[in-house]
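One-letter residues, chain by chain:
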Amino acid sequence: MTADLSRAALETGEVLVVERLGGGLLELVARLPHLAATAMPGTFVQLRCGERTTPLLRRPFSVAWTQDDTCGFVFEAVGAGTRLLSELQPGDRLDTLGPLGHGFTVVNGGPVVCVSGGLGCAPFPLLINALRRRGVEDILVLNGARTATRLYPAERFARPAVPVVAEATDDGTRGHHGRVTDLLGPALASHPTALYACGPNPMLGAVMRTLLESGADLPPTLEASLEAPMGCGFGTCLGCALPVRAEDGSSAWRLCCTDGPVMPMRDVDWEGLSALPGADVA
Amino acid sequence: MTDDGFTPVDLGRGLTLPNPVGLASGTAGYGFELDQLIDINRLGALYTKGTTVRARDGNPPPRVAETDGGMLNSIGLQNPGVDAVAAGYAPRWRGWAIPIIVNVAGGSIDDYVHCATVLEPVAEVAGIELNISCPNIAEGLDFGRDPLAAGRLVAAVRRVTERCVIVKLSPNVTDIAAVARAVEDAGADAVSAVNTYIGRKIHRASGRSVLPLGTGGLSGPAIQPLALAAVAAVCDAVHIPVIGVGGIVGAASARDFLIVGACAVQVGTATFVNPETALQVLDGLRG
Ligand SMILES: Cc1cc2nc3c(=O)[nH]c(=O)nc-3n(C[C@H](O)[C@H](O)[C@H](O)COP(=O)(O)OP(=O)(O)OC[C@H]3O[C@@H](n4cnc5c(N)ncnc54)[C@H](O)[C@@H]3O)c2cc1C
Ligand SMILES: Cc1cc2nc3c(=O)[nH]c(=O)nc-3n(C[C@H](O)[C@H](O)[C@H](O)COP(=O)(O)O)c2cc1C
Ligand code: FES
């Protein structure tokens with residue numbers, strides 16, 4: 001099936017600010033009227049990092065939030081591309097292509113659980129905003145990170161009313177001392193209608209494993225935003241394959257950029273995915 | 001001259017491209033995505049994803065990896081198979097102004113002949129490009145490396161099609177001119193050069209190759225001078241039209257290929273970076 005790219009467009013925006021949130025987390029805000037008007041929760045944008053031929057390819061980033069004609073992106077400087085983005089100054093140009101990809105299904109009623117690992121926080125402010133516009137107020141965010149300074153600040157998940165955020169850190173510097181998946185059990189007790197997850201692929205696999213092992217009924221809407229190294233971001237290079245289970249149980253590939261990045265967690269071949277090298281390897 | 005101000009490019013057997021700038025195989029799918037992003041019908045040709053007898057799932061990930069000024073790919077010719085292209089995709093090309101050239105790949109002469117036979121009655125297919133040079137499946141490259149085998153393949157396809165046959169040459173050979181001459185002698189109407197260069201990237205933390213098969217195909221601006229040398233050698237060796245491809249990022253890097261004797265060009269990897277690159281090349285060449 002051909003992806004619907006009818007909203008996607010090239011747009012050169014103006015950087016308003018690159019804010020340092022602590023712990024290496026950065027929030028880039030840019031004036032991008034087209035993206036702000038068309039981005040749906042869970043969709044992403046391909047950002048050009050600099051104007052040279054190295055780094056060559058655009059980099060995918062979740063649209064974290066939109067407000068009027070501006071968009072926010074949350075990231076950290078992990079390699080050449082994100083380093084260049086981290087150095088952007090107010091007034092600089094930002095070359096974008098988006099919105100791209102298949103986003104979250106926004107349900108009409110709660111309770112809803114959002115599970116974030118590290119930079120997996122990125123798509124949730126936009127999602128939570130959309131849920132609230134549908135009248136969903138019972139939203140619980142489970143937010144995990146290595147250490148306290150790397151936790152996306154609770155008040156940024158939604159404004160003005162902050163949702164309930166339960167935090168976990170690997171080193172115990174804030175919230176629960178341990179993994180974000182440890183918080184899933186109590187969260188499932190509320191029988192959520194939807195559970196949305198975003199984070200590194202292995203963390204998503206751990207979420208699915210924990211859900212299955214809990215024995216609780218799986219939420220009817222159960223979706224994760226996955227990662228794969230991308231060539232194009234719009235379905236032509238076939239570079240971003242992720243393993244899913246076909247209807248007959250056999251393994252098949254789906255494209256992260258057009259079939260995803262958000263996929264039903266029931267469809268993903270988690271075993272196949274865990275056998276792959278991490279997205280950072282490319 | 002066309003409305004666009006270009007002299008049409010005659011590739012032979014009735015295939016005339018409205019202008020010299022095309023989208024390279026494997027970087028534009030079958031056109032349906034880019035049709036939503038750019039005015040695809042202004043371009044000179046669409047060379048489709050490599051198409052095989054049966055559908056192929058493609059290689060395990062990671063399938064792409066960036067390098068300085070380029071990228072490696074190991075897609076493994078994921079495609080829906082020639083029957084699905086002929087029956088399902090071709091009707092969707094009806095009415096498109098851009099000539100559609102179906103890139104065909106295979107592991108044996110029979111495979112290529114079968115694909116050409118299936119495509120022969122399909123009105124929307126303007127020509128075929130024989131990919132004898134894919135570095136990501138073992139068999140196809142052998143045709144690209146051996147002038148005799150390449151000649152036999154082209155002769156066999158020539159017998160089953162009246163369509164313009166373009167042969168896409170591999171740069172991973174010691175004498176690309178010899179392969180070009182062999183396919184010209186066997187009845188090819190045109191040649192395109194080059195496909196990707198075999199490359200490898202090491203994940204430094206683990207010391208392992210990033211791509212699952214070890215190597216992949218290198219494309220992008222890093223290969224432009226290499227591709228240019230190969231295309232110049234091919235232009236010197238044959239009399240049929242030569243289409244230049246490799247590392248084009250704008251009109252200047254495209255014009256280099258025309259200067260060494262190519263009559264048309266294909267834009268590949270640069271489309272990933274900016275879907276409008278081919279249109280920018282077109283406008284730049286005119287200006
Ligand atoms: C759909 C999607 C949404 C994303 N959203 C965000 C976000 O909101 N915030 C954020 O910080 N990061 C996000 N990422 C990851 C982000 O794209 C990478 O961190 C970024 O590409 C790294 O680029 P670099 O040049 O700094 O690193 P390098 O290590 O130099 O990157 C080299 C190559 O690896 C790829 N790569 C590296 N890390 C990743 C990764 N984690 N996932 C996929 N490809 C990777 C790059 O695309 C590039 O081709 C997202 C990834 C995807 C697929
Ligand atoms: C992701 C990708 C997939 C490709 N798939 C094919 C293919 O199926 N058949 C083919 O003949 N060439 C294929 N190519 C090669 C390109 O058509 C082109 O020859 C090569 O990339 C060099 O041009 P460029 O540097 O402009 O990309 C592919 C290239 C890339 C990057
Ligand atoms: S990144 Fe090119 S097809 Fe998904």
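Residues numbered from 1 in each chain as written. Chains lettered and ligands numbered in written order. Predicted model: local features only at pLDDT ≥ 70, side-chain atom pairs only at ≥ 80, totals over all residues. Heavy atoms only, no water.

1. Looking at the interface of chain B and chain A
- The interface of chain B with chain A comprises 38 residues on the first partner and 33 residues on the second.
- For the pair chain B and chain A, the summed buried surface comes to about 3000 Å²; carbon and sulfur atoms form 65% of the total.
- Three residues, B:Glu66, B:Phe272 and B:Val273, lead the burial of chain B against chain A; their summed loss comes to 22% of the area buried on that side.
- Viewed at the interface, chain A and chain B are joined by 1 salt bridge.
- Summed over the shared surface of chain B and chain A, the result is 11 residue pairs in polar contact (both at pLDDT 80 or more).
- Counting only elements with at least two residues in the side of chain B that touches chain A, the list comes to helix 1 (34–37), strand 5 (64–67), strand 6 (70–73) and helix 9 (270–273) of chain B.
- Residues that form the side of chain B that touches chain A fall into these classes: 16 nonpolar, 13 polar and 9 charged. (Contact = heavy atoms within 4.5 Å. Buried area = accessible area lost by both parts, 1.4 Å probe. Salt bridge = Lys/Arg side-chain N within 4 Å of Asp/Glu carboxyl O. Polar contact = N/O pair within 3.5 Å; in protein donor to acceptor, adjacent residues only side chain to side chain. Helix = DSSP H or I, 4+ residues; strand = E, 2+ residues; numbered from the N terminus. Nonpolar A, V, L, I, M, F, W, Y, C, P; charged D, E, K, R; others polar.)

2. Overview of the site of ligand 2
- Around ligand 2, 24 residues are found, and the nearest of them are B:Ser25, B:Lys168, B:Gly220, B:Gly247 and B:Thr269.
- Near ligand 2, the surrounding residues are drawn from chains A and B.
- Taking B:Asn195, its side chain carries an N or O atom lying 3.4 Å from an oxygen atom of ligand 2.
- Within the backbone of B:Gly268, an N or O atom sits 3.1 Å from an oxygen atom of ligand 2.
- For ligand 2, whose accessible area on its own is 610 Å², the fraction buried by protein is 98%.
- In this structure, ligand 2 is accommodated by the largest cavity. (Near = heavy atom within 4 Å. Areas by Shrake-Rupley, 256 points an atom, 1.4 Å probe, with all protein chains shown as cover. 1 Å grid on protein atoms, 1.4 Å probe; cavity = no way out; pocket = protein on both sides within 12 Å on 5 of 7 lines; lining within 4 Å. Sits in = over half its atoms within 2 Å of the grid points.)

3. A closer look at the environment of B:Gly287
- Its place among the elements puts B:Gly287 in the segment after helix 10 (277–286).
- For the pair B:Gly287 and B:Gly31, spaced 256 residues apart in sequence, the C-alpha to C-alpha distance is 26 Å.

4. What about the pairing of strand 8 (residues 112–117) of chain A?
Residue and element names in this part refer to chain A.
- Of all 6 residues in strand 8, 6 are buried; the element is thus mostly enclosed.
- Covered by surrounding structure in strand 8 are Val 112, Cys 114 and Ser 116 together with Val 113, Val 115 and Gly 117, the residues of both alternating faces.
- Pairing of strand 8 with strand 9 (residues 139–145), which is carried by 6 bridges, proceeds in the parallel orientation. Along strand 9, the bridge assignment pairs Val 112 with Ile 139.
- A crossover connection joins strand 8 to the parallel strand 9 through helix 3 (residues 124–133); in handedness this β-α-β unit is right-handed.
- Note that strand 8 and strand 12 (residues 194–198) share 5 bridges and pair parallel. Bridged to Val 113 within strand 12 is Leu 195. (Buried < 20%, exposed > 50% of the residue type's maximum accessible area, 1.4 Å probe, protein only. Pairing = 2+ DSSP bridges. Right-handed = clockwise from strand over helix to strand, strands pointing away.)

5. Regarding the pairing of strand 15 (residues 251–255) of chain A
All names here are of chain A.
- Inspection of the sheet shows strand 14 (residues 241–245) paired to strand 15 by 5 bridges, in the antiparallel sense. Each bridged residue has a counterpart across the sheet, and for Arg 245 the counterpart in strand 15 is Ser 251.
- Linking strand 14 to strand 15, which pair antiparallel, is a turn of 5 residues; within it Gly 249 sits at a positive phi near 90 degrees.

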